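Residues per chain are reported as follows:
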Amino acid sequence: MSFADAVREDLLTVPVKKNCCRRALIGGLFLSAVSDPADRDRAAARFRTAEIADCAAEQLRVQFSKTAERRRIGFCGKYYEEVSFASPAFRRLVDNLRAPRENALSETIGFRCEECRSAFLRGLFLSVGTVNDPHKPVHLEFSVPQAAAPVASAFFGEIGYPAKAVSRGANVGLYYKDSAAVEDLLAMMGAHRVIFDMINTRIEREIRNHENRVNNCDTRNIGRTVAAAAKQMNAIERLRETGKIDNLPEELRETARLRYENPDFSLDALAELHRPPITKSGLNHRLRRIAEAADEL
Ligand SMILES: [Zn+2]
């Protein structure tokens, strides 16, 4: 089962408690419905699975006290479950949803309570939504017919999650690639069971990315060590060329000679070379004094 299937399965278990929310859920489920030109009361929508079609038919039965017609249709090698329903009130709802009017959606659905928008979003995802597996790049998309795109897009803007749009043939894909927005929207729909998996996967990924950054940081530290050694070599060379090296105290001359002969040694290895060995901080101190002497030139 794909992650998107798991989300759909999760959403189908969310109960509808109020009539206002049921109307909103029907609005989302049938935003992509096709009005029947030969029957002014009828509209039909295709769903991916029998379970979603069952849910859609059940909402219609409760809301309009009438049974919907069901049909399984093959289309381009895929199967869809069609729910066809004839009722003047239902057809009005479907047509009004896509009326080219500002506020068409809120006027038609009403959004009377807190959960109405979440019910609409749930219906929309069940009918036209898809989401990537959490191990893949973040992507949540609603593929709606062009006629429904302005309404869906306005809805996403209104709830504070404006979607990006991409043309998908006869449809428009309204999508998100931001993990915070995707998690918020899935939570808003009511996909609470799967959202924990998603958040866990994201946290694991962030930890891995952090580890990669730490490794890159180690590489940068090595780069800094090499740069520091090159600077020391440069200072020692200048002291040698000018003969000033002979004016340095004996211990600094020793350190300068060892550094010059072993340009690729780490500070620890270089400290060990001294007779007797010196500490790393002692070595650092000597190297600083050598650099200062070179700066004075
Ligand atoms: Zn409601």
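Before reading on, note that the structure itself is shown above.
Every chain is numbered on its own, with residues counted from 1 as its sequence reads. In keeping with the model being predicted, local features are shown solely for residues with a pLDDT of at least 70 and side-chain atom pairs are shown and tallied solely at 80 or more, while totals for entire chains, interfaces and linings include all residues. Only hydrogens and water are set aside; all other atoms, that is, all heavy atoms of the structure, feed into the side-chain values.

**Re the packing of helix 2 (residues 19-29) against helix 6 (residues 116-128)**
Link 1 in the chain: The geometry of helix 2 relative to helix 6 is characterised by a closest axis approach of 6 Å and an angle of 30 degrees between their N-to-C directions. One finds that helix 2 runs roughly parallel with respect to helix 6. As for how helix 2 packs across helix 6, the hand of that crossing is right-handed. Facing Cys20, Cys21, Ala24, Leu25, Gly27, Gly28 and Leu29 of helix 2, the residues of helix 6 in contact are Cys116, Ala119, Phe120, Arg122, Gly123, Leu124, Leu126 and Ser127.
Link 2 in the chain: Asp, Glu, Lys and Arg are counted as charged, while Ala, Val, Leu, Ile, Met, Phe, Trp, Tyr, Cys and Pro are counted as nonpolar; the rest, among them Gly, fall into the polar class. Classifying every residue of the contact of helix 2 with helix 6 gives ten nonpolar, four polar and one charged. Orientation is described by lines fitted to C-alpha atoms, with helices fitted over the stretch in contact, and by angles between N-to-C directions that extend from 0 to 180 degrees. A run of DSSP states H or I qualifies as a helix once it reaches four residues; a run of E qualifies as a strand once it reaches two. Both are numbered from the N-terminal end. Just so you know how the angles are binned, under 35 degrees is roughly parallel, over 145 roughly antiparallel, 65 to 115 roughly perpendicular, and the rest oblique. Each crossing gets its hand from how the near helix is turned against the far one by less than a right angle, where anticlockwise is left-handed and clockwise is right-handed. Residue contacts are counted whenever heavy atoms from the two residues lie within 4.5 Å of one another.

**Here we look at the coordination of the zinc ion**
Put simply, the ideal angle at a metal is 109.5 degrees for four donors in tetrahedral geometry and 90 or 180 degrees for six donors in octahedral geometry.
Link 1 in the chain: Surrounding the zinc ion are the protein donor atoms Cys20 (SG), Cys21 (SG), Cys113 (SG) and Cys116 (SG), at 2.3 Å.
Link 2 in the chain: Metal donors were taken as nitrogen, oxygen and sulfur atoms no farther than 2.8 Å from the ion, or 3.2 Å where the ion is Na, K or Ca. Water is excluded, so coordination may look unfinished. Any site counts as irregular unless it has four donors with all angles between 85 and 135 degrees, making it tetrahedral, or four or six donors with opposite ones more than 155 degrees apart and the rest between 65 and 115, making it square planar or octahedral. Taken together, the four donor atoms coordinating the zinc ion span angles of 94 to 120 degrees at the metal, a pattern that classifies the geometry as tetrahedral.

**Focus: the sheet that holds strand 1 (residues 34-35)**
Link 1 in the chain: By this definition, two strands are paired if DSSP reports at least two bridges between them. Read across the sheet, four strands follow the order 1-2-4-3 without closing on themselves; strand pairing throughout is antiparallel. Unpaired on one side and paired on the other, strand 1 and strand 3 (69-75) mark the two borders of the sheet.

**Things to note about the pattern of salt bridges**
Link 1 in the chain: Within this document, salt bridges are pairs made up of a side-chain nitrogen of Lys or Arg and a carboxyl oxygen of Asp or Glu, the two lying within 4 Å of each other. In the structure shown here, the tally under the stated rule is 16 salt bridges.
Link 2 in the chain: Its salt-bridge partner being Arg193, residue Asp10 comes within 3.3 Å of it at the nearest N-O pair. One end of the pair, Asp10, is in helix 1 (residues 3-12); the other, Arg193, is in helix 9 (residues 192-241), with 183 residues separating them in the sequence.
Link 3 in the chain: Only protein chains enter the accessibility calculation, which uses a 1.4 Å probe; a residue is then buried when its area is under 20% of its type maximum, exposed when over 50%, and partly exposed in between. Judged by its relative accessible area of 4%, Asp10 is buried.
Link 4 in the chain: Its salt-bridge partner being Arg72, residue Glu81 comes within 3.4 Å of it at the nearest N-O pair.
Link 5 in the chain: Residue Glu81 is classed as buried on the basis of its relative accessible area of 11%.
Link 6 in the chain: Put simply, Asp54, Arg70, Arg72 and Glu81 are held in one network by salt bridges that share partners.

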